[in-house]
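What the coordinates show
Residues per chain are reported as follows:
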Amino acid sequence: MRLRLGAAEDCSGDSVYVLDPATSTWVSLVDAVKVRKRKIEPDATRDIVALLALSLEERAVVADVAALAAAKKGKATPPPDRVPVTATSLRDAALFTKHMVDATKGFLPVALACGHAIQLVMGVVLAKKLRLPRALGPCGVPPYYTGNPKTIIKSGATSRWPSYVGKMDYELEVALINGATVSDEPSEEECARAVLEHGGFVLINDFSARDVQADEMTSVGFGFVKCKSFCTAMGSEVVTCDEFWAPGETGRLFDAPGLKAEVFVDGERWGPAGTTAEHKCCGIAAYAQHAARGEGLQPGEVLGLGTVPGCCGLEIGKWLKPGSTVEVRVEGLGSVTNVVGTPPPGANFRDLGRSAGQPTRLQTFVKLCVLAVVGPPLVFVLMVGGAAAALLWGGPQA
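Everything numeric here is computed off the predicted structure, so don't read it as measured data.

Describing the overall build of the protein
Broken down by element type, the protein carries ten helices and 19 strands. Carbon and sulfur atoms form 59% of the exposed surface of the protein, whose accessible area is close to 18600 Å².

Here it is as structure tokens:
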């Protein structure tokens, strides 16, 4: 079932629109129930999350109502773009392992350019891996960060470029909209059932500040703080999970060849076409299970699955510019297009909170290098001088 949010024809407020596959027309549920007197939960006709919360049997009634009303009420054109749900939370994972490997390689020059040479060298010396997070090697649990649901924008809106950001990037992702109530200690089977019966997929573009991300990964220690929280673009169309996915990671989403994914910037395709069938570190049900541990999951929470390999600038060494038009496309989920905004005047993230007279990172780095080069020889000379003085000392005078 394909869903969008629009305005009811009777001007009574929002309405969920359902695509009738037989006629390829969009039907307003608020208006359809007036034509075909069938009992549907009123909230489900106006809110996509409430519709996802319905049982499969109740959703079948919705599909039947839409099909019966399509001839009289169907529209060939979908309602205008808008954010389809009001997200109550936003988590974003890194499930695709190839993206993590390739992104880590792309991160090395970014981290070096941002003054993190010492952290990288010490990471090698101490045999600790650069985390993105858990970018290298196997991960024990699905890695994800918590984003800001209040900064989700629609396709067609201008994306924010904060003043402190220097390197702006895009990330094409498929996200899961949860419509179920999941317990705080769920089994994987419970989560699989929740995804299949009450989940919806939507396309998102996770705008990312890569220079800020490099700093937060290597120095702050609290994970992603300001590098991801400022803007996420969400597509207008939601597809119920049962169309693309089934337990066991089967279905069009992950079965080869998967769904084709592409990114275009100013009309030019950036990078090769990707696919959602790439290898993942875990399945969707296991990811939802981990997200719910100790917290539970409530309807309206959004879980990003991670960047489709090849579908971010970090992997191909390209960065967005102010005024760029970036479009992400996934077969079966539509597209999301946004114009990148212009950053307002302000300090770069490396200068935020630095008081007047405080040394810069470069000055601190030079000092450490000088100490590393001059210190050991100076200490050696002093030790040799002390030893020679001890040998030449004739003892106390009588």
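The discussion continues.
Structural notes on the environment of L320
Within the secondary structure, L320 sits in the loop between α9 (313-316) and β18 (325-330). The exposure class of L320 is buried, given its relative accessible area of 4%. Along the sequence, L320 and Y170 sit 150 residues apart, while their C-alpha atoms lie 7.7 Å from each other. Beyond its immediate chain neighbours, meaning those up to four positions away, L320 contacts W161, M168, D169, Y170, F207, V265, W270, V326 and V340.

Focus on the packing of aromatic side chains
Centre-to-centre distance and the angle between the planes together describe a pair of aromatic rings. One pass over the full model with this rule turns up three aromatic pairs. Between Y144 and Y287, the aromatic rings sit 6.2 Å apart at their centres with planes inclined by 55 degrees, giving tilted as the arrangement. Here Y287 lies in helix α8 (residues 284-292) and Y144 lies in strand β5 (residues 144-146), a separation of 143 residues in the sequence. By relative accessible area, which is 1% here, Y287 ends up buried. Over the face of the ring belonging to W26 we find R4, whose NZ or CZ atom lies 5.8 Å from the ring centre. Positioned over the ring face of F254 is K280, at 3.7 Å from the centre of the ring.

Focus: a negative patch on the surface
On the surface, a cluster of negative charge is made up of E41, D43, D47, E57 and E58. With respect to the element layout, E41 can be found in the loop between α1 (29-35) and α2 (48-52).

Things to note about the nonpolar core
With 71 residues, the main nonpolar core has L172, F201, F207, I284, L305 and L320 as its most contacted residues. By size, the runner-up hydrophobic cluster in this structure holds 32 residues, among which are I40, I48, L51 and V238.

Looking at the confidence of the model for the protein
With 89% of its residues at a pLDDT of at least 70, the protein reaches an overall mean of 89. Note on residues 126-137: pLDDT is under 50 here. Beyond four places in sequence and across chains, it has 29 contacts.

Remarks on the pattern of salt bridges
In a structure, side chains of opposite charge can pair up when their charged atoms sit close to one another. Considering all chains together, one arrives at 22 salt bridges under this definition. Of the charged contacts in the structure, one is a salt bridge between E9 and K73, with a shortest N-O distance of 3.7 Å. Of this pair, E9 sits in the loop between β1 (2-7) and β2 (14-20) while K73 sits in helix α3 (residues 56-73), placing them 64 residues apart in sequence. Under the relative-accessibility criterion, K73 is labelled partly exposed at 27%.

Topic: the side chain of T45
With respect to the secondary-structure elements, T45 resides in the loop between α1 and α2. The class of T45 is buried, set by a relative accessible area of 6%. A distance of 2.6 Å separates the side chain of T45 from the backbone oxygen of P42, its partner in a polar contact. If we ignore the near neighbours within four places in the chain, the residues touching T45 are S15, V16, L29, V30, V33 and I40.

A look at the packing of helix α6 (residues 188-198) against α8
Axis angle and axis distance: for two packed helices, these are the angle between their axes and the distance between the axes, and together they describe the pair. Packing of α6 against α8 leaves a shortest axis separation of 8 Å and a crossing angle of 110 degrees. Taken together, the axes of α6 and α8 are roughly perpendicular relative to one another. Counting all contacts with α6, which are made through E188, C191, A192 and V195, the residues of α8 involved are I284, A285, A286, A288 and Q289. Split into classes, the residues belonging to the contact of α6 with α8 amount to seven nonpolar, one polar and one charged.

Quick look at a nonpolar patch on the surface
Residues F365, V366, V370, V373, V374, L378 and L382 make up a contiguous nonpolar surface patch of about 630 Å² in total accessible area. Summarising the element assignment, L378 is placed in helix α10 (residues 361-392). Accessibility expressed as a relative area gives 49% for L378, which makes it partly exposed.

What to know about the pairing of strand β14 (residues 260-265)
Along any regular strand the residues' side chains alternate between the sheet's two faces. Among the six residues of β14, five are classified as buried, and the element is accordingly described as predominantly covered. Pairing of β14 with strand β16 (residues 274-275), which is carried by two bridges, proceeds in the antiparallel orientation. Residue K260 lies in a different strand from β16, and its bridge partner there is T275. When β14 meets β18, the two strands line up antiparallel, connected through five bridges. Looking at β18, one finds that E262 is bridged to R329. Where β14 folds back on strand β15 (residues 268-269), the antiparallel hairpin that results is connected by two residues, among which D266 adopts a positive phi of roughly 50 degrees.

Considering the pairing of β1
By the criterion of burial, β1 is predominantly enclosed, with five of the six residues buried. Both β1 and strand β13 (residues 238-240) contribute to a ladder of two bridges, which runs antiparallel. Each bridged residue has a counterpart across the sheet, and for L3 the counterpart in β13 is V238. Relative to β2, β1 runs antiparallel, the two being bridged by five bridges. Bridging from a neighbouring strand, L5 pairs with V16 of β2.

Section: the side chain of S229
For S229, the position within the fold is in the loop between α7 (210-220) and β12 (232-234). By relative accessible area, S229 is classed as buried at 18%. At 3.3 Å, the side chain of S229 forms a polar contact with the backbone oxygen of V225. Non-local contacts of S229, meaning those with residues more than four positions away in its chain, are made with N148 and T151.

Cut-offs applied
- Residues numbered from 1 in each chain as written.
- Predicted model: local features only at pLDDT ≥ 70, side-chain atom pairs only at ≥ 80, totals over all residues.
- Heavy atoms only, no water.
- Helix = DSSP H or I, 4+ residues; strand = E, 2+ residues; numbered from the N terminus.
- Areas by Shrake-Rupley, 256 points an atom, 1.4 Å probe, with all protein chains shown as cover.
- Buried < 20%, exposed > 50% of the residue type's maximum accessible area, 1.4 Å probe, protein only.
- Contact = heavy atoms within 4.5 Å.
- Phe/Tyr/Trp six-rings, centres within 6.5 Å; stacked < 30°, edge-to-face > 60°.
- Lys NZ or Arg CZ within 6 Å of the ring centre and 35° of its normal.
- Patch = residues over 30% accessible without salt bridge, like charges linked within 9 Å, V, L, I, M, F, W, Y side chains within 5 Å.
- Salt bridge = Lys/Arg side-chain N within 4 Å of Asp/Glu carboxyl O.
- Lys, Arg positive; Asp, Glu negative; His and termini not counted.
- Charge placed at Lys NZ, Arg CZ, Asp CG, Glu CD.
- Core = buried A, V, L, I, M, F, W, Y, C linked by side-chain atoms within 4.5 Å.
- pLDDT = per-residue confidence, 0-100.
- Polar contact = N/O pair within 3.5 Å; in protein donor to acceptor, adjacent residues only side chain to side chain.
- Axes fitted to C-alpha atoms, helices over the stretch in contact; angles between N-to-C directions.
- Parallel < 35°, antiparallel > 145°, perpendicular 65-115°, else oblique.
- Nonpolar A, V, L, I, M, F, W, Y, C, P; charged D, E, K, R; others polar.
- Pairing = 2+ DSSP bridges.

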